[in-house]
Amino acid sequence: MDVVIRQTPKEVAQLAAAIMARYVSEGKNIGLATGSTPLLTYQELITKHREGLSFANTTAFLLDEYVGLPEDHEQSYHYTIYNEFTQYVDFADGAVHTPDGMNPRTEEAGREYEAAIEAAGGIDIQLLGVGTNGHVGFNEPGSSFESLTRLKTLHPQTRRDNARFFGSLEDVPIHVITQGLGTIRRAGHLLLLATGENKADAVARLVEGPVSAMMPASVLQLHRHATVIVDEAAASQLQETEFYRFVDANRPEWQAY
Ligand code: F6R
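First, a word on what this report is: a plain description of the structure on this page.

Rules used throughout
- Residues numbered from 1 in each chain as written.
- Predicted model: local features only at pLDDT ≥ 70, side-chain atom pairs only at ≥ 80, totals over all residues.
- Heavy atoms only, no water.
- Helix = DSSP H or I, 4+ residues; strand = E, 2+ residues; numbered from the N terminus.
- Expected span 1.5 Å × (residues − 1).
- Buried < 20%, exposed > 50% of the residue type's maximum accessible area, 1.4 Å probe, protein only.
- Arc of directions from axis to C-beta.
- Lys, Arg positive; Asp, Glu negative; His and termini not counted.
- Salt bridge = Lys/Arg side-chain N within 4 Å of Asp/Glu carboxyl O.
- Polar contact = N/O pair within 3.5 Å; in protein donor to acceptor, adjacent residues only side chain to side chain.
- Contact = heavy atoms within 4.5 Å.
- Phe/Tyr/Trp six-rings, centres within 6.5 Å; stacked < 30°, edge-to-face > 60°.
- Near = heavy atom within 4 Å.
- Areas by Shrake-Rupley, 256 points an atom, 1.4 Å probe, with all protein chains shown as cover.
- 1 Å grid on protein atoms, 1.4 Å probe; cavity = no way out; pocket = protein on both sides within 12 Å on 5 of 7 lines; lining within 4 Å.
- Sits in = over half its atoms within 2 Å of the grid points.
- Nonpolar A, V, L, I, M, F, W, Y, C, P; charged D, E, K, R; others polar.
- Axes fitted to C-alpha atoms, helices over the stretch in contact; angles between N-to-C directions.
- Parallel < 35°, antiparallel > 145°, perpendicular 65-115°, else oblique.
- Left-handed = near helix turned anticlockwise from the far one by under 90°.

With 14 residues, helix α4 (residues 106-119) extends 20 Å between its outermost C-alpha atoms, agreeing within 8% with the 20 Å of an ideal straight helix rising 1.5 Å per residue. Burial in α4 covers these residues: Thr106, Ala109, Gly110, Tyr113, Glu114 and Ile117. Buried positions in α4, seen along its axis, are confined to an arc of 135° and lie on one side of it. Within α4, the exposed residues directed more than 90 degrees away from the buried face are Glu107, Arg111, Glu118 and Ala119. Within two residues after α4, Gly121 carries a phi angle of roughly 95°, on the positive side.

Here is the structure:
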């Protein structure tokens, strides 16, 4: 796992967008996350689009969707990604996929999403955030490392964390359809971003703690190509920062970010 520490959230976003842009320019498939963390990265990608980067040959897959929110609900992830990112760039019609949170047959919705990813040839780079409790996607603690897209119940902590986007805690859906850890593991490159002091504990556990289903983000330790980019605040509980900074400062030319 490559751990990169940058001073500010903006520098995290600039590096993340530069990495994503390489995939987009080659027409590769990208996986998108919602939530607060990737917003600055999306702004950087929008800027790159205005400077000439085209998304016309790229297919995108979101990590997850709330169950029971129609696509046009302002907190549905289908709407959120459009509102914050995809409306400003030139994805082809139908190229941005979200799990179907309105299909009452949730197993079918999961199977269809897996089939869509497979039909597109898989996800080449998956952008990830991390929950304060260590979830990636909405794979809450205890999720199987082999799991595929399926229904999950949100952890009460996740519902409290996400209540800021809704009017009240009661309005936060209880269920989601999320790519599984097995789905996420199949992506060619995992790019996890974390910023802010409130992510420091999760970052330390995912990078340096034991691999455990109780710490779903530790699945990155098993991946052949995982990059974790954090700001100083999110890095503040890591033990091996001297080493991560040394690696970064001495990155071979061909590996340079
Ligand atoms: C969002 C997602 C979640 C978030 C995580 C962090 O699609 O799958 O795993 O990445 O909850 O959220 P923020 O970035 O809002 O702290």
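On we go from here.
Further remarks concern the side chain of Lys152. With respect to the helices and strands, Lys152 occurs in strand β7 (residues 150-153). Lacking a salt bridge, the buried Lys152 has Glu140 as its closest oppositely charged neighbour, with an N-O distance of 8.0 Å. A distance of 3.4 Å separates polar atoms of two side chains, one belonging to Lys152 and the other to Ser143. When neighbours within four sequence positions are excluded, Lys152 is seen to be in contact with Phe138, Glu140, Ser143, Ile174, His175, Val176 and Thr178.

Following the criterion strictly, the structure yields eleven aromatic pairs and no others. Both rings, one in Phe55 and one in Phe91, keep their centres 5.2 Å apart while their planes meet at 55°; by these two values the pair is tilted. Note that Phe55 is positioned in the loop between α2 (39-50) and β3 (60-62) and Phe91 in the loop between α3 (77-84) and β5 (96-97), a separation of 36 residues in sequence. Grouping residues by exposure puts Phe55 and Phe91 together as buried. Ring centres 6.1 Å apart and planes at 15° place the aromatic pair Tyr77 and Phe138 in the stacked group. In this pair, Tyr77 sits in helix α3 while Phe138 sits in the loop between β6 (125-128) and β7, placing the two residues 61 residues apart along the sequence. Each member of the pair, Tyr77 as well as Phe138, carries the same accessibility label: buried. Taken together, the ring pairs in this structure connect Tyr42, Phe55, Phe85 and Phe91 into an aromatic cluster.

The immediate surroundings of the ligand are formed by 14 residues, with Thr37, Asp64, His135, Gly137 and Lys199 found nearest. Between the ligand and Thr34, the relevant distance is 2.7 Å, taken from an oxygen atom to a side-chain nitrogen or oxygen of the residue. Between Arg164 and the ligand, the recorded distance is 2.9 Å, taken from a side-chain N or O atom to an oxygen atom. Look at the ligand: alone it shows 410 Å² of surface, and the protein chains cover 93% of it. With respect to the pocket detection grid, the ligand is positioned in the largest pocket. Across the shell around the ligand, the residue classes tally to three nonpolar, eight polar and three charged.

This next bit is on the packing of helix α1 (residues 9-25) against α2. Contact pair α1 / α2: the axes reach a minimum separation of 8 Å and the direction vectors enclose 55°. The angle between α1 and α2 places the two elements in the oblique class. As α1 runs across α2, the sense of the crossing is right-handed. Between α1, through Pro9, Lys10, Ala13, Gln14, Ala16, Ala17, Ala18, Met20 and Ala21, and α2, the contact on the second element is made entirely by Leu40, Thr41, Glu44, Leu45 and Lys48. Partitioning the contact of α1 with α2 into residue classes produces nine nonpolar, two polar and three charged.

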